[in-house]
Amino acid sequence: FGPAVPVTAPMLNPSIPKATNALYLTIKDRKRKLQVLLHHYQSEFMAMHGRKVQYVEDRAPIQSQYQAYKECKVRLAEADAIYSAYEQQQIEGSGA
C-alpha cells in the first residue's frame, strides 16, 4: 500500500493545488488502495459466510487496514477543510 501516512505527518501547504500536492495525493492513493482491499475482503466474506461483515470478530483479520482507512478518511477531510478555508481566505483577501 505504500508508506503509511502517520497522523502526525506534516501539515500540507494549501497554496499548492490538490492535483499536485504530493502529501494530499499520497493520502488519497493510500485510501483508495485500502478501500479496494476492504471491498475485496467484504466480497470474499460474503461468499464464504453468506452474510455481510457485521461484527468486530468479522473484521479482526484486517482490523489494522480498517483503522488505516479511517485515518486516511480523517486526514482527507482535514485537508479538504484546510483547502476550503484557504480558498475562502483568498476570496476575501482579493476583495471579491
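Residues numbered from 1 in each chain as written. Predicted model: local features only at pLDDT ≥ 70, side-chain atom pairs only at ≥ 80, totals over all residues. Heavy atoms only, no water.

What to know about the environment of Glu-87
No. 1: Examined against the element boundaries, Glu-87 turns out to sit in helix α3 (residues 63-93).
No. 2: Taking the C-alpha atoms as reference, Glu-87 lies 9.0 Å from Ser-15; in sequence the two are 72 residues apart. (Helix = DSSP H or I, 4+ residues; strand = E, 2+ residues; numbered from the N terminus.)

Some words on the pattern of salt bridges
No. 1: Per the counting criterion, the structure on display carries 4 salt bridges.
No. 2: A salt bridge links Lys-33 to Asp-29, with the shortest nitrogen-to-oxygen separation between them at 3.2 Å. Placement of both Lys-33 and Asp-29 in helix α1 (residues 22-49) is noted, with a separation of 4 residues, approximately one turn of the helix.
No. 3: A salt bridge links Arg-75 to Glu-78, with the shortest nitrogen-to-oxygen separation between them at 3.9 Å. On the criterion of helical spacing, the pair formed by Arg-75 and Glu-78 is a turn pair, its members being 3 residues apart in helix α3.
No. 4: Owing to a relative accessible area of 9%, Arg-75 belongs among the buried residues under this scheme. (Salt bridge = Lys/Arg side-chain N within 4 Å of Asp/Glu carboxyl O. Buried < 20%, exposed > 50% of the residue type's maximum accessible area, 1.4 Å probe, protein only.)

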